[in-house]
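# Architecture at a glance
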Amino acid sequence: MKKIVLLLLLPYVLLAQYISDGAAEKYYENSSLHFNSNYLNPYGISGFTKVAKGLIQDPLMKLQVNPAFIPGLDSMGAFIYFDFRGDKTKSEYVEDYTIMPVYTMFSSYIPPYYPSSIYEPRTEPEPLFSIGTYFKPLKGVADNLVMGVTYQMIQGDEAYYALRNPVFYRAMYNDAFGNKVVADDMMPTVDRQSGKNEMGYEAHLYSLYAGYQLNPDIAIGLTFSGVQQDRNGAYGNASRSEFGTVNEYPYAYSDFDERKMEYHHTDISAGVLYQPKQAVMLGIKAGFLNGVSEQSFTKENTGYNQYHIPEVDTHWNYYASLSHSQQNWKHDGSSFYGGCNFEIAIPDNRTISGYYEYRDTKEDITNNTAILDSMYSTYRSTYYYNTMQWYTSKSRSLTTDIRNATGEKKNKQHEAMISMRWVVSDATNISLGFRYFSLNSSIRTTEPVLSNRSSSWQYSSNQVSGNQSSQYAVKEDKTLLWNYDIKEWTLSIPLLFEQRFSSFLSCMVGVTREISSKKIEEQSLAVFKSRVRTENGQTNTETNFGERYTEPTEKTTKKVFDIFYGMNINMGKDVKVTLLLNPESDPILRVAQWSLGCSVKL
């Protein structure tokens, strides 16, 4: 006969399913594509992605500094560029990775919360392919007009994972306060199971360029670009007993999670280049980006478990639960940016160049949360010890949570780089750069919350202990004021060696040293209109007070060294193939990332 163990409902939290003081905005999923200008980067590999535009003499890279560089393509004529590249991979020997939430039939594990988890954006996969073309649409009529188009596609599938730190997650056989109400040996064995575990993502990145050489001294350029991104996934798990009507152990269980994310932005910028002398070039640019990000998370959970027939057999138990969570986020933002750049040729075949860019981004935040969770459990056990002894138990639990938040996110970024290119000989070039980046970011949200948690337990027995019961309830009407601040800076020092061995083959080696530091401060203030606590018939009501929750200040410093190798193969004077490799040795030598590109002059 199956053993039944009674678990008393304890008045303390064993597993916190509900994070009462957690602002819903914490669980918005950020992405590296969101509210950032995105361009086709032929050298978007490893640690050189951010430093390439100010270091490498490439027409596509220079357009990121100033769109007015496009008339400079006149000397090249029309050309087409395309590439394929692989994602950055980690060694199978490396065990330092982020643990995503693990959801099982009976419990949930949520990784420890760190303030930096909010700040760290999701790094999107590399494009499946990138293509760009530049040409003179009015050749012979307006040769000074040059136009271009670029396109990149990101697409793939991966395993689904839920929110890193959701406001509420379901743990089977636990009540509203996280107390376990069913013993492990009462949990059913899965006989039949079906479900899915998938996350699909797709993004399209495009740019349109136009530039015109007004006169030998002045060039102007205009860029229109955009991003369209969708990321949708679901996790489903359902099981039921196959022979429940025969062995009197029927059960059914289902769990379904769904995440949806849609993002799009448009970005327009204009630039001017002025070259008063052959050895001096000055430029300015300005731009405006506008985008919207919408995300949703839905969780449905039901559970049913029965042992023998309730109210009939001498030993039986019955458990049922229903849970529903719905969360929605929306960021409506815009970004103004502007900057300047220069190039100066100095003696001994050296060129000094640099740029500075300032970006001010504001995002209006709205989100809402609706949570309903209920649980009912009842048991009876009869046994003999000289005389017949029995006990019964009933447990009920309910959680509701309604939230609607508004707020604002502000980012202020400074980026500057200076580099020197030295033509050592007809076959050898050396480039050295210094890039500095700083970010001041703040998030402020106001989140009214109406929450209600209650749990009751009743115990009856023919023993001396007799009848017992307990009741716990917390009802809150409050507003969460959440503050989140980041200060970050990064210094990068890239060094690039280029060597041409023949008209057919040339190679490059790039190394970069990077140091970064960030400081994160987080604080929540809960302003209560009222909080009503009930414990075993005794009610305590508190009104008009506040509670402050301050996370420890998080300070981190990171040092990175990276390297890449490149090979250019000239297939004649009009076709060039470029292979880039990023090696790592952790602990074995391997290729962590690769890129294969081709440019064709027309």
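As the structure is a prediction and not an experimental result, all values here were calculated from the model. (Residues numbered from 1 in each chain as written. Predicted model: local features only at pLDDT ≥ 70, side-chain atom pairs only at ≥ 80, totals over all residues. Heavy atoms only, no water.)

### Description of the side chain of Ser506
Locating Ser506 in the fold gives a position in strand S15 (residues 505-535). In contact with Ser506, other than residues within four places in its own chain, are Gln499, Arg500, Phe501, Gly566, Met567 and Asn568. (Helix = DSSP H or I, 4+ residues; strand = E, 2+ residues; numbered from the N terminus. Contact = heavy atoms within 4.5 Å.)

### Quick word on the pairing of strand S1 (residues 79-85)
Of the two faces of S1, the one lined by Phe79, Tyr81, Asp83 and Arg85 is fully buried and the one lined by Ile80, Phe82 and Phe84 carries no buried residue. Bridge analysis of S1 against strand S4 (residues 129-135) gives five bridges, and the strand direction is antiparallel. Bridge pairing links Phe82 to Ile131 in S4. One ladder, built from seven bridges, connects S1 with strand S19 (residues 589-601); its direction is antiparallel. In the sheet register, Phe82 faces S19, and the bridge partner there is Cys598. (Buried < 20%, exposed > 50% of the residue type's maximum accessible area, 1.4 Å probe, protein only. Pairing = 2+ DSSP bridges.)

### Topic: unusual backbone geometry
The general pattern is negative phi for most residues beyond glycine and trans for most peptide bonds. With phi around 50 degrees, Asn536 is a residue other than glycine that occupies positive phi space. Following the sequence through the fold, Asn536 ends up in the loop between S15 and strand S16 (538-550). Residue classification places Asn536 among the partly exposed positions, given a relative accessible area of 41%. One non-glycine residue with positive phi stands out, namely Asn544, at about 50 degrees.

### Some points on a negative patch on the surface
There is a patch of like negative charges on the surface, built from Glu262, Glu294, Asp332 and Asp364. The class of Glu262 is partly exposed, set by a relative accessible area of 44%. (Patch = residues over 30% accessible without salt bridge, like charges linked within 9 Å, V, L, I, M, F, W, Y side chains within 5 Å. Areas by Shrake-Rupley, 256 points an atom, 1.4 Å probe, with all protein chains shown as cover. Salt bridge = Lys/Arg side-chain N within 4 Å of Asp/Glu carboxyl O. Lys, Arg positive; Asp, Glu negative; His and termini not counted. Charge placed at Lys NZ, Arg CZ, Asp CG, Glu CD.)

### Notes on the pattern of salt bridges
With the rule as written, the count across this model stands at 24 salt bridges. Residue Glu343 pairs with Lys62 through a salt bridge whose shortest N-O separation is 3.4 Å. Here Glu343, found in strand S10 (residues 316-346), pairs with Lys62, found in helix H1 (residues 59-65); they are 281 residues apart in sequence, far enough to count as distant. If you follow the salt bridges from partner to partner, you end up with Glu476, Lys478, Arg531, Glu542 and Glu547 in one network.

### Description of a nonpolar patch on the surface
Together, Phe82, Phe84, Ile131, Tyr565, Met567, Leu579, Leu581, Val591, Trp594 and Leu596 line one region of the surface with nonpolar side chains, adding up to about 820 Å² of accessible area. Mapped by element, the contributors of at least two residues to the nonpolar patch are S1, strand S17 (554-570), strand S18 (575-585) and S19. In terms of residue count, the dominant contributor to the nonpolar patch is S19 (three residues).

### Brief notes about the nonpolar core
Tyr43, Tyr134 and Phe564 are the most contacted members of the largest nonpolar core, which totals 30 residues. Those elements giving two or more residues to this core turn out to be H1 and S1. With four residues, H1 is the largest single contributor of residues to this core. Among residues more than four places away in sequence, those in contact with Phe564 are Ile45, Phe48, Leu496, Met508, Val509, Gly510, Leu580, Leu581, Asn582 and Pro583. With 11 residues, the next largest nonpolar core counts Ala23, Leu439, Ile443 and Tyr484 among its residues. (Core = buried A, V, L, I, M, F, W, Y, C linked by side-chain atoms within 4.5 Å.)

### Remarks on the packing of aromatic side chains
With the rule as written, the count across this model stands at 11 aromatic pairs. Judged by centre distance (6.4 Å) and plane angle (40 degrees), the ring pair of Tyr206 and Phe224 falls under tilted. Here Tyr206, found in strand S6 (residues 192-213), pairs with Phe224, found in strand S7 (residues 218-240); they are 18 residues apart in sequence, far enough to count as distant. Since its relative accessible area comes to 30%, Tyr206 is described here as partly exposed. On the basis of relative accessibility, which here comes to 34%, the residue Phe224 falls in the partly exposed class. A centroid spacing of 4.8 Å and a plane angle of 45 degrees characterise the contact between Phe288 and Phe336, whose relative ring orientation is tilted. Placement of the pair is Phe288 in strand S9 (residues 280-307) and Phe336 in strand S10, with a sequence separation of 48 residues. (Phe/Tyr/Trp six-rings, centres within 6.5 Å; stacked < 30°, edge-to-face > 60°.)

### Here we look at the confidence of the model for the chain
A low pLDDT means the predicted coordinates there should not be read in detail. Per-residue confidence for the chain gives a mean pLDDT of 83; residues scoring 70 or more make up 83%. Looking across the chain, the model is least confident in strand S2 (residues 102-103), with a mean pLDDT of 46, and most confident in S15, with 94. Predicted confidence is poor over residues 1-15, with pLDDT under 50, and the contacts of this stretch with residues over four places away or in other chains come to 48 contacts. Throughout residues 184-194 the model reports pLDDT below 50, and contacts reaching past four residues in sequence, or to other chains, amount to 36 contacts. (pLDDT = per-residue confidence, 0-100.)

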